[in-house]
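# A look at the structure
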Amino acid sequence: MKKKGSVVQLDRISDFGSEGWGFESSLGIDILEMDAASKTGIDDVRELIENSKYSPTSAKYKIFIIDEVHMLSKQAFNGLLKTLEEPPPSLKFILATTEVRKIPVTILSRCQRFDLKRVSVDKLCDHLKDISKKENGKISDDSIRLIARTSEGSVRDAISLLDRSLISQSIS
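The text that follows walks through the structure, step by step, so that each part is easy to find. (Residues numbered from 1 in each chain as written. Predicted model: local features only at pLDDT ≥ 70, side-chain atom pairs only at ≥ 80, totals over all residues. Heavy atoms only, no water.)

What follows covers the pairing of strand S3 (residues 31-35). Across a regular strand the side chains alternate sides, sitting on one face of the sheet and then on the other. Sheet topology note: the S3/strand S4 (residues 62-67) ladder contains five bridges and is parallel. Residue Leu32 lies in a different strand from S4, and its bridge partner there is Phe64. On the question of chirality, the crossover connecting S3 to the parallel S4 by way of helix H1 (residues 42-52) is right-handed. (Pairing = 2+ DSSP bridges. Helix = DSSP H or I, 4+ residues; strand = E, 2+ residues; numbered from the N terminus. Right-handed = clockwise from strand over helix to strand, strands pointing away.)

The three strands lie next to each other as S3-S4-S5, forming an open sheet whose pairing is parallel. Strand pairing shows two members of the sheet lacking a second neighbour, S3 and strand S5 (91-96), which therefore form its edges. Direction aside, the axes of adjacent strands within the sheet are offset by 15 degrees on average. Those strands touched by H1 are S3, S4 and S5, and its axis lies near 165 degrees from that of S4. Sheet strands touched by helix H2 (residues 74-85): S4 and S5. Its angle to S5, the strand with the most contacts, is close to 135 degrees. (Axes fitted to C-alpha atoms, helices over the stretch in contact; angles between N-to-C directions. Contact = heavy atoms within 4.5 Å.)

Moving on, we come to the pairing of S4. In the sheet, S4 pairs with S5 via six bridges, with the strands oriented parallel. Across the sheet, residue Lys62 finds its bridge partner in S5, namely Leu91. In this fold, the crossover linking S4 to S5 by way of H2 has right-handed handedness.

Look at helix H4 (residues 121-134): 20 Å from first C-alpha to last across 14 residues, which is about the 20 Å you get at 1.5 Å a residue. Of all the residues in H4, the buried ones are Leu124, Cys125, Leu128 and Ser132. Projection of H4 onto a plane perpendicular to its axis shows the buried side chains occupying an angular sector of 100 degrees, all on one side. Exposed side chains of H4 directed beyond 90 degrees from the buried face belong to Lys123, Asp126, Lys133 and Lys134. One or two positions beyond H4, positive phi appears at Asn136, with a value near 55 degrees. (Expected span 1.5 Å × (residues − 1). Buried < 20%, exposed > 50% of the residue type's maximum accessible area, 1.4 Å probe, protein only. Arc of directions from axis to C-beta.)

Function cannot be read off these values alone, since they describe shape.
Here you go:
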């Protein structure tokens, strides 16, 4: 783990805590997700802020993931601002969006930004072949390439299409 000012860079997943991210263990209680597409108001953010006062249970950090953050109301963004400015040392936020231009500048200026890029068709094909092999799926290379091209660089979409293909294959 490296520290640059107030930014902590995790070099290994084990830097997060003794059990990694904890999705498979009890550390998952220190990782909270809020879907801002359905919870857009100030009351939802107040609840999140209230939860931020508590220390992590099993990990070094409590992680709040706010998905579709651009959907928050102006009041909700204003409510979140103070916590983003002065978060407790053990609290980290991950703000996820596909429409960064809809996030107020006051919020963006307090964030470290990572723009994720689409994955190439070749890399997607390799990944899908690996998954198919692990799942004992029988799918042609042409079908995998079609799935990779159709997903337009989205790993999630590609895996979803592969999953549906493998399921329909097992039903027939």
